[in-house]
Protein chains: 2
Amino acid sequence: MAHVVSPLAPVNVPALPEIAGVTLAPAATGIRYKNRTDVLLALLSAGTTVAGCLTRSKSPSAPVDWCAASLKQGKARALIVNAGNANAFTGKAGVATVKAVAKAVAAEVGCTQAEVFQASTGVIGEPLNPAPIVNALPGLHQSATADAWSMAAQAIMTTDTFAKVATAKVKLGGKTVTINGIAKGSGMIAPDMATMLVFIFTDAKIAAKPLQKLLTAAVNPSFNCITVDGDTSTSDTVLLFATGQGAAVKSPAETKAFAKALDAVCLDLALQVAKDGEGAEKLIEIKITGAESDKAAHKIGMTIANSPLVKTAIAGEDANWGRIVMAVGKSGEKAIRDKLKIRIGGILVAAKGMKDQNYKEADIMPHMKGRDIKIEADIGVGKGKATVWTCDLTHRYIDINGSYRS
Amino acid sequence: MAHVVSPLAPVNVPALPEIAGVTLAPAATGIRYKNRTDVLLALLSAGTTVAGCLTRSKSPSAPVDWCAASLKQGKARALIVNAGNANAFTGKAGVATVKAVAKAVAAEVGCTQAEVFQASTGVIGEPLNPAPIVNALPGLHQSATADAWSMAAQAIMTTDTFAKVATAKVKLGGKTVTINGIAKGSGMIAPDMATMLVFIFTDAKIAAKPLQKLLTAAVNPSFNCITVDGDTSTSDTVLLFATGQGAAVKSPAETKAFAKALDAVCLDLALQVAKDGEGAEKLIEIKITGAESDKAAHKIGMTIANSPLVKTAIAGEDANWGRIVMAVGKSGEKAIRDKLKIRIGGILVAAKGMKDQNYKEADIMPHMKGRDIKIEADIGVGKGKATVWTCDLTHRYIDINGSYRS
């Protein structure tokens, strides 16, 4: 199926700067796609530390299992990614493939197997033959350059309609370090599932343990706050590599500055993933305040974001606040009907347990017709807050995922 | 929007027999709809006991709050239902309406207000004027008959595409008692939410406490095991009235026989609701075995049933078992990837952590093209089991709920 570029794709795409200690190379190996790159090798200088957040799925792919084990050592020298086959639900054959690839990459690069990180997306349940990847390694190793960021972002796409990149700079004691991120998601390859892969690189020097702490903190309000259809991939992976070739993150102030930049990169990429949600015509921001706790606010927000009734209403440009009330009630979190306040596009639509007296649907229509829909719900029971993002549910979602074959 | 009758509607609709102590009357009051009945009054003989299961939504409608309070006494003399306005999120005005209706029904029927049960579905957030209902009461009271079951089922419909009725008989010590049920759901009135209302009547004599126990037990494997889109209404209501005009349920064997018939009526109505899911073209049965517990099995089943990826694949007649693996993994319940077995239409498609060697997609296509799709997942970790039902996710769901106004 042909995919037009999402109408929500960013207009201004930054050119990612080089990062000391990182070189990249894409290759076209024909795993599943023709006439496009489908394998990415990233080479990392000695001393690179790594942190990761992996899918919570109880049936993770073989590469996810591999990364989980390798993360314990916290050191990385190479990342190998393929698109077209997820190597998920592939049994012993899948484990053998991951081992074969790790062995070949370690031999090519000159590192231990635990320093090789892997990710795969694409069709699931089909064996992934390691040969095309292994055979491409010498060429990839030789051709890797420091400026191949755009090509790297393209090589990991499946049915993404645009490549996703983000970058930020941080001043650390007079020196500047860079954070670059690339992501894919949540395109879909029939007959498979959406997957989000995110790879972030920095030249900052940070030990693996604090790096993990920073990544976990950055992932929670970004990637853990977006949803397209509430489905969790067996392959979702976020990896953060710090080469240590630039300045070190030392003081609490430096940690704070680095965290702020990392958060911004993660949020930027997360929103790009939501904007490329299958069939997306509108980005929906849902801001919850006044919940019993931040966790409760997150759950309420995600319940609204995952409600097909809310998402179809927004696709239809219908300011259906009744469905938002329903979703708040459904979340199971504490809510007081008569204290709940709902705003759409900044306009108060419901309060005190009923429709606001001054609310006129006509006032809200210009907002509903736009690309960026803003929903605010104040729950009225505490100080918990969260913001989550999703996209609308359109006919094209059904087209893409139904793969009507008859 | 015009609705054709669901292709899954039952072909043989039973004529519901009379039940001693129950008379029914519908009226057309024009609350929202023209040229159709929209209010139902059921009169119940003195001594009728009542049990109920109400929405778990934290923002329930005013009638739900009223029923919750009235259920404490366990006695009923009247049920009044309206379609077209849910009286939900209507603040103090909504409470005033419920009180006004209860007062008027109690005066008309000659009972206490706590013996009046109420349910409303339709648009939410709009005040419900009690006048049309109150004004219709004398006529309803006079015209109530024991044989108006079909008209009663029609009067509570919103955008249901067919009226839902079920009946069963039970022998108790040589005498036969009857159980009749009517239901509505999960049609939708833009700009509102789907709601399920179920009213069950029997002439059996059972005290309120054991009646509640029987109802709760019957609701769990039926109404709590169906989902159309995972959304929970503010108004979901199941009420069971026992007039006591027939034989009493006394012995454990009689209780068991009655429970079996009640379970059958509930399951019958629940499946009819799933079959009338918005845009439904296929009924999907999901049978989970081998989970850690029955509760875990239910959660896994509902996670599969609520997955838009699974539901769109089935709409497209695509035997996409990879998405079922994904949903099992996403449920958060214990699962061992390499022990998971998945069958579709009785054919083993995946086992031992990978696609089954003998599985050929062509074998399964006749099943996928049918109206009744059967999915079985054996989790391989315990003895927990559950069966849940849903329908596929089609373009018509988006049409119905998006109410594209541009």
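If you're wondering where the values come from, they're calculated on a predicted model, not measured in any experiment.

**Student:** Before we go on, may I ask you to explain the overall build of chain A in this structure?
**Tutor:** If you tally the helices and strands in chain A, you get eleven helices and 15 strands. Burial status across chain A gives 61% buried among its 406 residues. Intrachain contacts of chain A at a sequence separation of at least 6 include 80% that bridge at least 24 residues.

**Student:** Explain the interface of chain A and chain B here, please?
**Tutor:** Accessible area lost upon the coming together of the parts serves often as the stated size of an interface. The interface of chain A with chain B comprises 56 residues on the first partner and 56 residues on the second. At the level of elements, helix H2 (91-109), helix H8 (308-315), helix H9 (321-330), strand E13 (354-355) and helix H11 (395-402) of chain A are the ones that each hand at least two residues to the side of chain A that touches chain B. Ranked by residues supplied to the side of chain A that touches chain B, first place goes to H9(A) with eight residues. Of the residues belonging to the side of chain A that touches chain B, the class tally is 20 nonpolar, 22 polar and 14 charged.

**Student:** Sorry if this is basic, but what is going on with the relation of the copies chain A and chain B here?
**Tutor:** Copy one and copy two of the chain differ by a rotation about a common axis and a shift along it. With an RMSD of 0.0 Å, the operation that places chain A on chain B is a rotation of 180 degrees combined with a shift of 0.0 Å along the axis. Interpreted geometrically, this transformation is the action of a two-fold axis. Judged by C-alpha distance, A:His395 is the residue of chain A that lies nearest the rotation axis, at 3.0 Å.

**Student:** Help me understand the packing of H8(A) against helix H11 (residues 395-402) of chain B in this model?
**Tutor:** Helix packing for two helices is described by the angle between their axes and how far apart those axes are. Viewed as axis vectors pointing N to C, H8(A) and H11(B) meet at an angle of 70 degrees, and their least axial separation amounts to 8 Å. Here H11(B) runs roughly perpendicular to H8(A), going by the angle between their axes. For the pair H8(A) and H11(B), the contacting residues are A:Leu309, A:Thr312, A:Ala313 and A:Ala315 in the first and B:Ile398, B:Asn401 and B:Gly402 in the second.

**Student:** What should I look at first to understand the domain arrangement of chain A in this one?
**Tutor:** All names here are of chain A. Each assigned domain of chain A is listed here: domain 1 (22-275) and domain 2 (283-402). Once you take the C-alpha centre of each, domain 1 and domain 2 turn out to be 33 Å apart. The partner domain 2 presents twelve residues to the nine residues of domain 1 that form the contact. Looking at the side of domain 1 that touches domain 2 residue by residue, the classes come out as six nonpolar, two polar and one charged.

**Student:** Please clarify how the sheet that holds strand E11 (residues 341-344) of chain B should be interpreted in this entry.
**Tutor:** Residue and element names in this part refer to chain B. Strand order in the open sheet formed by six strands is E13-E12-E11-E14-E10-E15, with mixed pairing between adjacent strands. The sheet terminates laterally at strand E13 (354-355) and strand E15 (384-391), the two strands that pair on one side only. Here E11 pairs with strand E14 (residues 372-378) via four bridges, running antiparallel. Across the sheet, residue Lys 341 finds its bridge partner in E14, namely Asp 378.

**Student:** Which parts of the structure should I look at to understand the sheet that holds strand E3 (residues 49-54) of chain B?
**Tutor:** To summarise the sheet geometry, strands pair through backbone hydrogen bonds and adopt either a parallel or an antiparallel arrangement. Residues and elements named next belong to chain B. Read across the sheet, five strands follow the order E3-E9-E8-E7-E6 without closing on themselves; strand pairing throughout is mixed. The open sheet has two edge strands with one neighbour each: E3 and strand E6 (164-172). Averaged over all pairs of adjacent strands, the angle between strand axes in this sheet comes to 15 degrees, irrespective of strand direction. As judged from the six bridges shared by strand E7 (residues 175-184) and strand E8 (residues 197-202), these two strands associate in the antiparallel manner. Bridge pairing in E8 links Lys 184 to Leu 197. Where helix H5 (residues 208-219) meets the sheet, it contacts E3 and strand E9 (237-242), and its direction lies at approximately 35 degrees from that of E3. Here helix H6 (residues 252-275) sits on the sheet in contact with E6, E7 and E8, set at roughly 170 degrees to E6.

**Student:** What is the right way to look at the pairing of strand E2 (residues 39-44) of chain B in this model?
**Tutor:** Successive side chains on a regular strand alternate, one facing one side of the sheet and the next facing the other. Residues and elements named next belong to chain B. Burial of E2 is extensive: six of the six residues sit out of reach of the surface. Pairing of strand E1 (residues 22-27) with E2 involves six bridges; the strand directions are antiparallel. When the sheet's bridge partners are listed, Pro 26 is paired in E2 with Leu 40. Relative to strand E4 (residues 78-85), E2 is paired through five bridges, and the arrangement is antiparallel. In the sheet register, Val 39 faces E4, and the bridge partner there is Asn 82.

**Student:** Would you mind going over the nonpolar core with me for this structure?
**Tutor:** Across soluble globular proteins, nonpolar side chains show a tendency to be buried alongside one another. In terms of nonpolar packing, the biggest core is built from 283 residues, with A:Ala78, A:Ile324, B:Ala78 and B:Ile324 touching the most fellow members. Setting aside its immediate chain neighbours within four residues, B:Ala78 contacts B:Leu41, B:Ala42, B:Leu43, B:Leu44, B:Val105, B:Val109, B:Cys111, B:Glu115 and B:Val116.

**Student:** I keep staring at the environment of B:Ala100 and nothing clicks. Help me out?
**Tutor:** Residues and elements named next belong to chain B. With respect to the secondary-structure elements, Ala 100 resides in helix H2 (residues 91-109). Residues Ala 100 and Ala 131, 31 residues apart in the sequence, show an inter-C-alpha distance of 8.9 Å. Excluding its chain neighbours within four sequence positions, the residues that come into contact with Ala 100 are Pro 130 and Val 134.

**Student:** What should I look at first to understand the pairing of strand E6 (residues 164-172) of chain A in this one?
**Tutor:** Residues and elements named next belong to chain A. Summarising burial for E6: seven of the nine residues are buried, a large majority. The sheet contact formed by E6 and strand E7 (residues 175-184) spans nine bridges and is antiparallel. Across the sheet, residue Val 170 finds its bridge partner in E7, namely Val 177.

**Student:** What am I meant to see in H2(B) here?
**Tutor:** For an α-helix the count is 3.6 residues per turn, leaving residues at separations of three or four pointing the same way. Residues and elements named next belong to chain B. Taking 1.5 Å per residue as the helical rise, H2 with its 19 residues ought to reach 27 Å, and the 28 Å between its terminal C-alpha atoms agrees with that figure. For H2, every residue scored as buried is listed here: Gly 94, Thr 97, Val 98, Val 101, Ala 102, Ala 104 and Val 105. Check the buried side of H2 and you find it contacts helix H1 (62-71), E4, strand E5 (116-123) and helix H3 (131-143). Just downstream of H2 lies Gly 110, where phi reads positive at about 85 degrees.

**Student:** Can you help me understand the environment of A:Ala15 in this one?
**Tutor:** Tracing the backbone shows A:Ala15 in the segment before strand E1 (22-27). Judged by the 9 C-beta atoms lying within 10 Å of it, A:Ala15 falls in the exposed class.

**Student:** It is not clear to me how the packing of H1(B) against H2(B) should be interpreted in this structure. Could you clarify?
**Tutor:** All names here are of chain B. Running from N to C, H1 and H2 cross one another at 55 degrees; their axes reach a closest spacing of 9 Å. In this view, H1 runs oblique relative to H2, as classed from their interaxial angle. For the element pair H1 and H2, the recorded crossing hand is right-handed. Seen from H1, the contacting residues are Ala 62, Pro 63 and Trp 66; seen from H2, they are Gly 94, Val 95, Thr 97, Val 98 and Ala 102.

**Student:** What is the right way to look at unusual backbone geometry in this model?
**Tutor:** The phi torsion of most residues other than glycine is negative, and most of the peptide bonds are trans. Residue and element names in this part refer to chain B. Although it is not a glycine, Asn 87 adopts a positive phi angle of roughly 50 degrees. In this structure Asn 87 comes out as buried when scored by C-beta crowding, with 31 C-beta atoms within 10 Å. Within the chain, Glu 317 stands out as a residue other than glycine whose phi angle is a positive 60 degrees. Within the fold, Glu 317 resides in the loop between helix H8 (308-315) and helix H9 (321-330).

Rules behind the numbers
- Residues numbered from 1 in each chain as written.
- Chains lettered and ligands numbered in written order.
- Predicted model: local features only at pLDDT ≥ 70, side-chain atom pairs only at ≥ 80, totals over all residues.
- Helix = DSSP H or I, 4+ residues; strand = E, 2+ residues; numbered from the N terminus.
- Buried ≥ 20, exposed ≤ 12 C-beta atoms within 10 Å, placed from the backbone.
- Contact = placed C-beta atoms within 7 Å.
- Nonpolar A, V, L, I, M, F, W, Y, C, P; charged D, E, K, R; others polar.
- Least-squares fit on C-alpha atoms with pLDDT ≥ 70 in both.
- Axes fitted to C-alpha atoms, helices over the stretch in contact; angles between N-to-C directions.
- Parallel < 35°, antiparallel > 145°, perpendicular 65-115°, else oblique.
- Domains from an automatic or database assignment.
- Pairing = 2+ DSSP bridges.
- Core = buried A, V, L, I, M, F, W, Y, C linked by C-beta atoms within 7 Å.
- Expected span 1.5 Å × (residues − 1).
- Left-handed = near helix turned anticlockwise from the far one by under 90°.

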